[in-house]
Amino acid sequence: MYVAKQFLKPVNLEQYPNYASIVKYPMDLSTIQARLESHFYRQVSAVENDVSHIYINAFEYNLPTSDIVRNASVVSDLCLEIIRNKDSSEVKALYQQVLEKYRIQDEKEEDEPKPKKTKPTTLATTSDPCWKQQCNDPLELSKQQCKDPLEISKQHCKDPLELSKQPEDSVLFIDLANNITRHSNKEQILELKADIQKDIHVLLEQLEQINGNCSTLFEKLNKFNQLLE
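- The name recorded for the protein in an unreviewed UniProt entry is Bromo domain-containing protein, from Daphnia magna.

1. Some details on the layout of surface pockets
So, point 1. Within this model, the largest pocket holds a volume of roughly 450 Å³.
So, point 2. Lining the largest pocket are 21 residues, with Gln6, Lys9, Val11, Tyr19 and Ile68 sitting closest to its centre.
So, point 3. If you tally residues by element for the lining of the largest pocket, the top one is helix H3 (residues 44-61), at four residues.
So, point 4. Class assignment for the residues of the lining of the largest pocket results in 13 nonpolar, five polar and three charged.

2. Quick notes on the pattern of salt bridges
So, point 1. Counted by the stated rule, this structure contains six salt bridges.
So, point 2. The salt bridge partner of Arg103 is Glu107, with a shortest N-O separation of 2.5 Å. Within this pair, Arg103 and its partner Glu107 are both found in helix H5 (residues 91-111), separated by four residues, close to a single helical turn.
So, point 3. Overall, the relative accessible area of 38% leaves Glu107 in the partly exposed class.
So, point 4. Among the ionic contacts, a cluster of salt bridges with common partners joins Glu100, Arg103 and Glu107.

3. Regarding a negative patch on the surface
So, point 1. A cluster of acidic residues, Glu109, Glu110, Asp111 and Glu112, forms a negative patch at the surface.
So, point 2. Within the secondary structure, Glu109 is located in helix H5.
So, point 3. Judged by relative accessible area, Glu109 falls into the partly exposed class, the value being 45%.

4. Some words on the side chain of Ser73
So, point 1. Mapping Ser73 onto the fold places it in helix H4 (residues 67-84).
So, point 2. A relative accessible area of 13% places Ser73 in the buried class.
So, point 3. Side chain to side chain, Ser73 and Tyr102 meet in a polar contact 2.3 Å long.
So, point 4. Not counting residues up to four positions away in its chain, the partners in contact with Ser73 are Tyr55 and Tyr102.

Cut-offs and rules
- Residues numbered from 1 in each chain as written.
- Predicted model: local features only at pLDDT ≥ 70, side-chain atom pairs only at ≥ 80, totals over all residues.
- Heavy atoms only, no water.
- 1 Å grid on protein atoms, 1.4 Å probe; cavity = no way out; pocket = protein on both sides within 12 Å on 5 of 7 lines; lining within 4 Å.
- Points joined across faces, edges and corners; volume = space filled by probe spheres on them.
- Helix = DSSP H or I, 4+ residues; strand = E, 2+ residues; numbered from the N terminus.
- Nonpolar A, V, L, I, M, F, W, Y, C, P; charged D, E, K, R; others polar.
- Salt bridge = Lys/Arg side-chain N within 4 Å of Asp/Glu carboxyl O.
- Buried < 20%, exposed > 50% of the residue type's maximum accessible area, 1.4 Å probe, protein only.
- Patch = residues over 30% accessible without salt bridge, like charges linked within 9 Å, V, L, I, M, F, W, Y side chains within 5 Å.
- Areas by Shrake-Rupley, 256 points an atom, 1.4 Å probe, with all protein chains shown as cover.
- Lys, Arg positive; Asp, Glu negative; His and termini not counted.
- Charge placed at Lys NZ, Arg CZ, Asp CG, Glu CD.
- Polar contact = N/O pair within 3.5 Å; in protein donor to acceptor, adjacent residues only side chain to side chain.
- Contact = heavy atoms within 4.5 Å.

Below you can see the structure in the form of structure tokens.
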């Protein structure tokens, strides 16, 4: 039969060198015939598996909508019908039954409503007066979504004590104090007690010479010093 012509022999690897890298289990009708004649198969399901691979391989290697895939499907279905109807010698009659099944299937597919095609998005062109606005819109959106990281850091990392107004030494101390207060281990705090008290005394001397803008810090340092003592 003409429909089986492409599947009579193994695929020519010289013509299709990448076939072996795509198809893991090549199969053709001559190989199935040779296996039947040599009593290679022990079960009918093994024959059915090889027959099914004629279609599977064609589907994997070719476009799903191509004629060769359609013919491979017909050949596989016909061979399966022959296996299931082993007492029948009318191969052509079985072939006509398979073709009728495909004809009915095609008619059902044609009757099914096709999905509506969506209108393609109109692209901006230089002749369109709105092209500049269309180009600006995504830019504005990106600006809103990608805020300046410096601004974000200012919002999330505000200094409640306004360290920029304090002496430089106070910045180092407060960072140290904040880290220590997070520790729950009392021994760790005691180990640093001497160094912290020394820094506190130095800062207290400096703060005495500063205006009222450091009063809050002054109170906190006194409380912290009392806590350590």
